[in-house]
Structures are given as C-alpha cells and as structure tokens.
Amino acid sequence: MSRIFCLVGKSCSGKDTLYARILERCPELVPVILHTTRPMRPGEVDGQTYHFVSEAQLRQYEAQGQVIEKRVYHTTQGLWTYFTLRFTLDADRLVITTLEGAQALMDSYGPDAARLVCLHVDDRTRLLRCIDRESRQERPDYAEVCRRFLADQADFSQERLAAFPSLHMIDTGAELETCLAQWEALYRLE
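Below, the structure is looked at part by part. Keep in mind that this is a model prediction, so the values were computed, not measured.

1. Regarding the overall build of the chain
Consideration 1: Assigned secondary structure in the chain consists of seven helices and nine strands.
Consideration 2: Relative to the compact-globule value of 16 Å for 190 residues, the chain shows a C-alpha radius of gyration of 16 Å, a close match.
Consideration 3: Here the chain holds 190 residues, and the buried ones make up 44% of them.
Consideration 4: When contacts within the chain are restricted to residue pairs at least 6 apart in sequence, those whose partners lie at least 24 apart make up 67%.
Consideration 5: Summed over its atoms, the accessible surface of the chain is roughly 10,000 Å², and 52% of this surface lies on carbon and sulfur atoms.
Consideration 6: Put simply, the chain has 23 plus and 28 minus side-chain charges, and the middle of one group is 2 Å from the middle of the other.

2. Quick word on the environment of glutamine 182
Consideration 1: As for its position among the elements, glutamine 182 is in helix H7 (residues 176-188).
Consideration 2: Counting along the chain gives twelve residues from glutamine 182 to isoleucine 170, while the straight-line C-alpha distance between them is 6.8 Å.
Consideration 3: Apart from residues lying up to four places away in sequence, glutamine 182 is in contact with Met169, Ile170 and Asp171.

3. Remarks on the nonpolar core
Consideration 1: Formed by 24 residues in total, the largest nonpolar core has its most connected members in Cys6, Val95, Leu99, Leu105, Leu116 and Leu167.
Consideration 2: Elements supplying a minimum of two residues to this core: strand E1 (4-9), strand E6 (78-85), helix H3 (99-109) and strand E8 (114-120).
Consideration 3: Tallying contributions element by element places H3 first for this core, with five residues.
Consideration 4: The contacts of leucine 99, once residues within four sequence positions are left out, are Val8, Leu116, Asp155, Phe156, Arg160, Leu161 and Phe164.
Consideration 5: If you look at the next biggest cluster of nonpolar residues, it comprises 18 residues, including Cys26, Ile33, Ile170 and Tyr187.

4. Quick notes on a nonpolar patch on the surface
Consideration 1: A cluster of nonpolar side chains, Leu127, Ile131 and Tyr142, forms an exposed patch at the surface whose accessible area comes to about 230 Å².
Consideration 2: Of note, isoleucine 131 is situated in helix H4 (residues 123-135).

5. Some thoughts on the sheet that holds strand E7 (residues 93-96)
Consideration 1: If you trace the five strands from one edge of the open sheet to the other, you get E2-E7-E1-E8-E9, paired in parallel fashion. The two strands at the open ends of the sheet, each matched to only one other strand, are strand E2 (30-31) and strand E9 (168-171).
Consideration 2: In the packing of helix H1 (residues 15-25) onto the sheet, contacts are made with E1, E2, E7, E8 and E9, and the angle to E7 comes to roughly 165 degrees.
Consideration 3: Contacts from H7 reach E1, E7, E8 and E9 within the one sheet, and its direction differs from that of E9 by about 165 degrees.

6. Concerning the side chain of serine 11
Consideration 1: Considering the arrangement of structural elements, one finds serine 11 in the loop between E1 and H1.
Consideration 2: Residue classification places serine 11 among the buried positions, given a relative accessible area of 6%.

The rules we used
Residues numbered from 1 in each chain as written. Predicted model: local features only at pLDDT ≥ 70, side-chain atom pairs only at ≥ 80, totals over all residues. Heavy atoms only, no water. Helix = DSSP H or I, 4+ residues; strand = E, 2+ residues; numbered from the N terminus. Rg over C-alpha atoms; globule rule 2.2 N^0.38 Å. Buried < 20%, exposed > 50% of the residue type's maximum accessible area, 1.4 Å probe, protein only. Contact = heavy atoms within 4.5 Å. Areas by Shrake-Rupley, 256 points an atom, 1.4 Å probe, with all protein chains shown as cover. Lys, Arg positive; Asp, Glu negative; His and termini not counted. Charge placed at Lys NZ, Arg CZ, Asp CG, Glu CD. Core = buried A, V, L, I, M, F, W, Y, C linked by side-chain atoms within 4.5 Å. Patch = residues over 30% accessible without salt bridge, like charges linked within 9 Å, V, L, I, M, F, W, Y side chains within 5 Å. Salt bridge = Lys/Arg side-chain N within 4 Å of Asp/Glu carboxyl O. Pairing = 2+ DSSP bridges. Axes fitted to C-alpha atoms, helices over the stretch in contact; angles between N-to-C directions.

Pasting the structure below:
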C-alpha cells in the first residue's frame, strides 16, 4: 500500500530543509506540491515550492471538486490561501502540510495511508530562524513573523498534537544527519 508522509511543524522548524534532503535520499518518493494564492518569495520556483495560482483558479478547482483541503490565513499582507488538490496514490508521497491538511489527507485516502512526522525545535532557535529568513526578504515583515510565531503556539498545542496518536516526532535542533537517520528509520517501517 502506498503511503503519504506528512511533514508538519511550526514555522522555521526545518520542514523545507528536511523535505529537500529526504527527496535527494529517497528519489522514489513523489512530492506533493501544494497550491497557494500568496505572492512568490525570492528564490521560490512555481511548481516546485508551490503552485502559485490566482483566486479565480482556486474557485475553478473548487467547482471541479478537486480541492481536498484549504486554509486561509489572515496575514499582515492580506488573505493568503493554501490548498491541496486530489492526486492518485500510486506511489509513496511526501508533503509539507499542516495538522488540518494531514487530517484531510487521512479522510480522503484512509487513516492508514498517512504518516505524520512532526518536526520540532526549541522556540528560541525557531524564532531566530524566522527572523533570519525574514531579514532576507526584499521587504521584511516582522509583524507577520510575530503573528505566525504566536499562531503556531496554538496550532501545535499539546492538546492538538494529542489528537494524532501515531504522530512521529523529529527534533530538528539536532544535526541534519541525525534527523535524516530518524526519518529513514520511520520510512523503512511498514
């Protein structure tokens, strides 16, 4: 049976870094690329980082019944929507998503199809990573960094995480090779 490995975690917990390294090590995994209506950041590639779409394209996908789940964020720069489209589960897949996104994938493909892998790191390290990443933007928005940081505290509360008893944790404050070894052990489990 093919599986969907869902990387979840707070902002700047290392999801993008681990995702890229996992795909390098496990080329048989098929990436699930999410869609978003937010503007593209410098260095992002359409169809690789996200599929960047208009609100009209989102409405068209919804009318076709293709949207599995969507989330709307009230950011300091306006409303941004992120969403997942249906796909054929014909190979093991890897996706960066949220707890809600992972739940929607379980609802769509069955609870045994999705494997949740939560990345976590201490708040100090995470906040410093967020500030560093934002400082590289053309127009840094530190208010948005603060909004996201606080929202993550609620989104990844112990109560919310407890709703997913089969959640696997990886501490991304460890060396990258240690994180990858933890991932490989999980991936090789049937």
